[in-house]
Amino acid sequence: MLKVNHLEKEMSIPETDDQLLLRMRRGDEEAFLTVYRKLQGPIYRFTLNMTGSATVAEDVTQEVFLALIRQDCGYDSARGTLAGYLFGIARKLVLRHLERSRLMAEQEIDAQEWGLPHASAHHDPIAELLHTEGIEALRRAVVSLPKRYREVVALCDLEEMDYAGAAALLGCPVGTVRSRLHRARSLLLEKLQQKRDPKLGVRAWRTAGSVI
Amino acid sequence: MSCREFWNRMPELEAGDEQLGHLRECPACVARMGHQRMLAAGLSHLAGKRQDLAAPPQVEAELLTAFRSHMAGSAPALPHRWMGLSFWIPAAAACFLVLGVVAWGVGSRASHVSRSHIVQFASIESADAADEGFIPLPSATETPSADDADLVRVQVPRSVLIALGVPLAEGSGDAVEAEVLLGAGGAPEAVRVLQ
């Protein structure tokens, strides 16, 4: 077994989650760091996209891996990947945070919204989505989405998780992920259009061709 | 094909012949399709720009310390970070709600009081605490200790502060900016009006 592990290291064959966890449980720091470095970025970004707060993203990332260290996460490789499991912990922490600070979070988002640079009437925020200001407006629009839509955008569009993975994580059918994503994108477009002309709002966008 | 059928059949924005036929005769769907594709490109661009975002290095260092501590047989040394605050501040705010106080804007604005400041506050008598401007809340159960106290900046409805007996100067607006001293359990212990 030791020879096999050694050989895998030498040949840079990626270890499975189970192998890494086994080494971790034996006190192998390198194994822990391998897991951490592989997964902390996606978990951090998911939390950041969900909460809009770097502080909360750091906290949640830390809590997720502390749970892994404490072995109280109950991970079972037969039920899914380690990444999916840790994302699940992160999601629970994020939802708990959002729920507890719902009022405050909404007000903070409102404050951010008010802080947005108002696009002048001749600017099309959708056409500017590939520019810095457009990207920033899009980021804020994502954070202001309702939770269930925000998380599918964060997972599927921003972390490029496949629909099946997102469905497993969210505990819903793939079709639900797909429809939420579709609705989320429509909401994003509505929000970006509203930035262009708050008076037009949703009604104008709908008359521009939305039928769903 | 109606517009609804068109969109129901192509959530991935990849049009087949039938869909292209609809697009040729429906300018509204053409425009909407353009926006959807632009949004998809924007999201992809945003994802690319944030691809390198990661937790700061100190998180890894603290977790490594916790890992070593756990492997040494002791409980993981929980780094004293904002987790406690970011989760407990809303809880503290909930306490305020019970009292009829609405607190907001806590998470990102919350800040630890520096140790020296707390030591100074903890070591002074109540008369001196008043000099600091902190007014004990009716629900206060403890004197904040040097190690446990946190300071939170909140907006409190003027009417609530008046009900708590906090003297307020005349001013405009329904909310007043104040600092709240949290005890070890995250419960609000004292308040200081900033305005």
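Residues numbered from 1 in each chain as written. Chains lettered and ligands numbered in written order. Predicted model: local features only at pLDDT ≥ 70, side-chain atom pairs only at ≥ 80, totals over all residues. Heavy atoms only, no water.

### Side note on the overall build of chain A
Thinking step 1. Along chain A, the regular secondary structure elements total 11 helices and zero strands.
Thinking step 2. Traced from its N-terminal end to its C-terminal end, chain A shows the element sequence α-α-α-α-α-α-α-α-α-α-α.
Thinking step 3. Contacts in chain A between residues at least 24 apart in sequence constitute 61% of all its contacts with a sequence separation of at least 6. (Helix = DSSP H or I, 4+ residues; strand = E, 2+ residues; numbered from the N terminus. Contact = heavy atoms within 4.5 Å.)

### A short note on the overall build of chain B
Thinking step 1. From N to C terminus, chain B includes eight helices and four strands.
Thinking step 2. Listing the helices and strands of chain B from first to last along the sequence gives α-α-α-α-α-α-α-β-β-α-β-β.
Thinking step 3. Counting all 195 residues of chain B, 39% fall into the buried class.
Thinking step 4. At a minimum sequence separation of 6, the contacts of chain B that also span at least 24 residues come to 54%.
Thinking step 5. Surface exposure of chain B reaches about 10000 Å², of which carbon and sulfur atoms provide 54%. (Buried < 20%, exposed > 50% of the residue type's maximum accessible area, 1.4 Å probe, protein only. Areas by Shrake-Rupley, 256 points an atom, 1.4 Å probe, with all protein chains shown as cover.)

### Things to note about the pairing of strand β3 (residues 175-182) of chain B
Residue and element names in this part refer to chain B.
Thinking step 1. Among the eight residues that make up β3, six are buried, leaving the element largely enclosed by the rest of the structure.
Thinking step 2. The pairing of β3 with strand β4 (residues 188-193) spans five bridges and is antiparallel. Counterpart to L181 in the pairing with β4 is A190. (Pairing = 2+ DSSP bridges.)

### With respect to helix α3 (residues 27-49) of chain B
Thinking step 1. Over its 23 residues, α3 of chain B extends 33 Å from the first C-alpha to the last, a length consistent with the 33 Å expected when each residue adds 1.5 Å.
Thinking step 2. Every buried residue of α3 of chain B is listed here: C29, R32, M33, Q36, L39, G42, L43, L46 and A47 of chain B. (Expected span 1.5 Å × (residues − 1).)

### Description of the environment of V156 of chain B
Thinking step 1. When you line up the elements, V156 of chain B lands in strand β2 (residues 150-157).
Thinking step 2. Separated by 18 residues in the primary sequence, V156 of chain B and D174 of chain B have C-alpha atoms spaced 8.3 Å apart.

### Looking at the confidence of the model for chain B
Residue and element names in this part refer to chain B.
Thinking step 1. With 51% of its residues at a pLDDT of at least 70, chain B reaches an overall mean of 67.
Thinking step 2. In this model residues 82-88 is a low-confidence stretch, pLDDT under 50, and it forms 21 contacts with partners more than four residues away in sequence or in other chains.
Thinking step 3. Confidence drops under pLDDT 50 across residues 101-130; counting only partners more than four residues distant or on other chains, this segment forms 62 contacts.
Thinking step 4. Both scores are available for the predicted complex, with the pTM at 0.58 and the ipTM at 0.72. (pLDDT = per-residue confidence, 0-100.)

### Here's the deal with the pattern of salt bridges
Thinking step 1. Under the defined criterion, the tally for this structure stands at 12 salt bridges over all chains.
Thinking step 2. Notably, a salt bridge pairs E29 of chain A with R68 of chain B, separated by 2.5 Å at the nearest N-O pair. With E29 of chain A in helix α3 (residues 29-51) and R68 of chain B in helix α4 (residues 57-71), the pair connects residues from two separate chains.
Thinking step 3. When its relative accessible area of 26% is taken as the criterion, E29 of chain A is described as partly exposed.
Thinking step 4. Residue classification places R68 of chain B among the partly exposed residues on the basis of a relative accessible area of 43%.
Thinking step 5. In this structure, K147 of chain A and E99 of chain A form a salt bridge, with 3.4 Å as the shortest nitrogen-oxygen distance. One end of the pair, K147 of chain A, is in helix α8 (residues 147-158); the other, E99 of chain A, is in helix α5 (residues 82-100), and 48 residues separate them in sequence.
Thinking step 6. Here K147 of chain A falls in the partly exposed class, since its relative accessible area comes to 32%.
Thinking step 7. By relative accessible area, which is 45% here, E99 of chain A ends up partly exposed. (Salt bridge = Lys/Arg side-chain N within 4 Å of Asp/Glu carboxyl O.)

### What about the packing of aromatic side chains?
Thinking step 1. All told, the structure shown has five aromatic pairs over all chains when counted by the stated rule.
Thinking step 2. Taking 4.8 Å as the distance between ring centres and 70 degrees as the angle between the ring planes, the aromatic pair formed by Y36 of chain A and F65 of chain A counts as edge-to-face. In this pair, Y36 of chain A sits in helix α3 while F65 of chain A sits in helix α4 (residues 54-70), placing the two residues 29 residues apart along the sequence. For the pair Y36 of chain A and F65 of chain A, a shared accessibility class is recorded, and that class is buried.
Thinking step 3. With 5.6 Å between their ring centres and 70 degrees between their planes, F46 of chain A and F87 of chain A make a pair best called edge-to-face. With F46 of chain A in helix α3 and F87 of chain A in helix α5, this residue pair connects regions lying 41 residues apart in the sequence. Of the two residues examined, F46 of chain A and F87 of chain A, each falls in the buried class.
Thinking step 4. In textbook terms, an aromatic cluster arises when at least three aromatic residues are bridged by ring pairs, as seen for F32, Y36 and F65 of chain A together with F67 of chain B. (Phe/Tyr/Trp six-rings, centres within 6.5 Å; stacked < 30°, edge-to-face > 60°.)

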